[in-house]
Amino acid sequence: MNPANASPSENGWLESCAIYQVYPRSFQDSNGDGVGDLEGLRQRLAYIAALGVDAVWISPFYPSPMKDFGYDVADYRGVDPLFGTLDQFRALLGEAHALGIKVVIDQVWSHTSDQHPWFAESRSSAENDKADWYVWADAKPDGSPPNNWLSVFGGPAWTWDSGRHRFYLHNFLSAQPDLNFHNPAVQDAVLDVARFWLDLGVDGFRLDVCNFYFHDRSLADNPVRTDGRQGPKPHDWQAHVHCRSQPENLAFLSRLRALADEYGDRLLLGEIGDDDGITRQIEYTAGESRLHMAYSFDLLTRDGSAARLREILQTWIDAGDGTPVWAIGNHDVPRVATRWAGGDADPRKARLFAAFLTSLPGPICIYQGDELGLEQADIPFEELRDPEGLAGWPRTKGRDGCRTPMVWEAEAPNAGFSTADRTWLRVEASHVPQSVDRQIGDHGSLLNLYRRLLAMRATHSVFRKGRMALMPPSEGVLGWVLSCEGQRAICVFNFGRETVLIAAPVGAVPTTGFASSERARATDTGIELGPYGFAVMVGGAD
């Protein structure tokens, strides 16, 4: 149900959770090898609990050749030795639950690693049991690939396999062949993987590129993109109408939802990568038989203007169905403190972005380090690890800049992340002054602002389940009113550099909760906000 229009939820955390994303490679190294691991994450669970979130989402930790740093899975039921053992995951799961933290794990099902036993068998012959488990196609008469589909990471989405004497599909790296979900046996195998982790006790799944599971069997060429949103990569110049977001996807998601529902309150959170992400989000979360919630990249682009954010929120209000996860940062995009700041590293902006995110109704997701205000690290080419960055340099620098290690203790080696002489990505020197130990004792720090905002969100259900009504548009200003169960919240944000006075909404009430920037105050005629200021006020009956 769309939280912008919802009545109070009966499903608890499934519709109103605050989730903290951990990229385990860069969170905490427990054994001194320079790479974060599950035991390191377990050691830092108290920090996550103190932040005030409901759940932790852990990016992939499965056995993998690490061509795409874990998003190329070679075994869906294990733990890569780099990250630890299955017993260590069980210990992590148990301690998280003891602290009241639910655990959501990534599942990467659109493709596997080319080192997965399924692919090894599939490519071995055209007659074996798994010959049709991946997407194989003949070359055109001239020897070229079957169609014009392009990989997200550059070049054709097809690679020739001399053993099968056919091309196989890969929407990402050639080392990440796409599974053929048109084969019922593949669907059953994937559902068995889901059941394995649900039986282990995980609280849900974040589903990587979940609209990529099916392809158009006709293998028709994708048309040229004509919406004016062509990006820097050739992949962005196509309208991806045949290689993803096929109607068959919805039937599979219904099967998955039925399985998850057998286990009670288990979460299905989808990542949507689509030319029209919001429309697809709504479609994939509508009703009671699909995903519980989903996010697209519409809030993860560089346009964080009040006008664009208002447009996105209005789209959800108008939709009347579906549940978004509001996310302004993750491991795939530049840090929001840089991306939305427009080249101006004003710390007030990071505070504004924090208040914006945590005041939205329904589920939210916070990416590790964003609560510290970390900016995008500028990684030189010779230190890049990300295959997307290596392929797109210099126009695009990839994702390493948002994946550098967490900074825990300013005076410790590698800022407390690791005792290794060399970490997998270097600790960004400019991040060290923003370390956890520097912020945790400073009442005015961004970290403590996040804690206060999340505490207010947890205390007042209006933030989690309220109906949203946008306030009248004003240049550089965004505001809304939330109402639920006799509570009202007024949330206003100044994305501009000039002080503004916002007329108080009709029916404004005395506040029982209040959070604001330093230069915000309520007056007899309205709410005055300084540059990049905000005010979030909670009142009684509406």
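See the structure shown above.
Residues numbered from 1 in each chain as written. Predicted model: local features only at pLDDT ≥ 70, side-chain atom pairs only at ≥ 80, totals over all residues. Heavy atoms only, no water.

K.L.:
Please give an account of the packing of aromatic side chains that cites residues and values.
P.N.:
In the structure shown here, the tally under the stated rule is 36 aromatic pairs. Here the aromatic rings of Y213 and F252 are separated by 5.7 Å at their centres, their planes lie at 85 degrees, and the arrangement is edge-to-face. Here F252 lies in helix α7 (residues 248–261) and Y213 lies in the loop between β7 (204–207) and α7, a separation of 39 residues in the sequence. On the accessibility criterion, Y213 (1% relative accessible area) is buried. Cluster of aromatic residues (ring-pair linked, three or more members): W340, F353, F356, W480, F493 and F495. K130 extends its terminal NZ or CZ atom over the ring of W133, reaching a point 4.7 Å from the ring centre. For the cation-ring pair, R164 lies above W136, with the distance from its terminal atom to the ring centre recorded as 4.5 Å. (Phe/Tyr/Trp six-rings, centres within 6.5 Å; stacked < 30°, edge-to-face > 60°. Helix = DSSP H or I, 4+ residues; strand = E, 2+ residues; numbered from the N terminus. Buried < 20%, exposed > 50% of the residue type's maximum accessible area, 1.4 Å probe, protein only. Lys NZ or Arg CZ within 6 Å of the ring centre and 35° of its normal.)

K.L.:
Hey, could you go over the sheet that holds strand β3 (residues 102–107) for me, with residue numbers and the actual values?
P.N.:
The eight strands lie next to each other as β9-β8-β7-β3-β2-β1-β11-β10, forming an open sheet whose pairing is parallel. Since the sheet does not close on itself, it has two edges, and those belong to β9 (293–295) and β10 (326–327), each with one partner. (Pairing = 2+ DSSP bridges.)

K.L.:
I'd like a rundown of the nonpolar core, residues and numbers included.
P.N.:
Among the nonpolar cores identified, the biggest contains 126 residues, and I48, F89, W109 and W480 are the most heavily contacted of them. Sort the elements by how many residues they give to this core and helix α6 (residues 184–200) lands first, with eight residues. Among residues more than four places away in sequence, those in contact with F89 are L38, I58, F61, V79, V103, I105, W197, L200 and V202. (Core = buried A, V, L, I, M, F, W, Y, C linked by side-chain atoms within 4.5 Å. Contact = heavy atoms within 4.5 Å.)

K.L.:
Hey, could you go over a nonpolar patch on the surface for me, with residue numbers and the actual values?
P.N.:
Taken together, the side chains of F381, L390 and W393 present a nonpolar region at the surface, about 260 Å² in accessible area. Considering the arrangement of structural elements, one finds W393 in the loop between α12 (387–392) and α13 (436–440). (Patch = residues over 30% accessible without salt bridge, like charges linked within 9 Å, V, L, I, M, F, W, Y side chains within 5 Å. Areas by Shrake-Rupley, 256 points an atom, 1.4 Å probe, with all protein chains shown as cover. Salt bridge = Lys/Arg side-chain N within 4 Å of Asp/Glu carboxyl O.)

Everything listed here is a matter of coordinates, which is why it stays silent on function.
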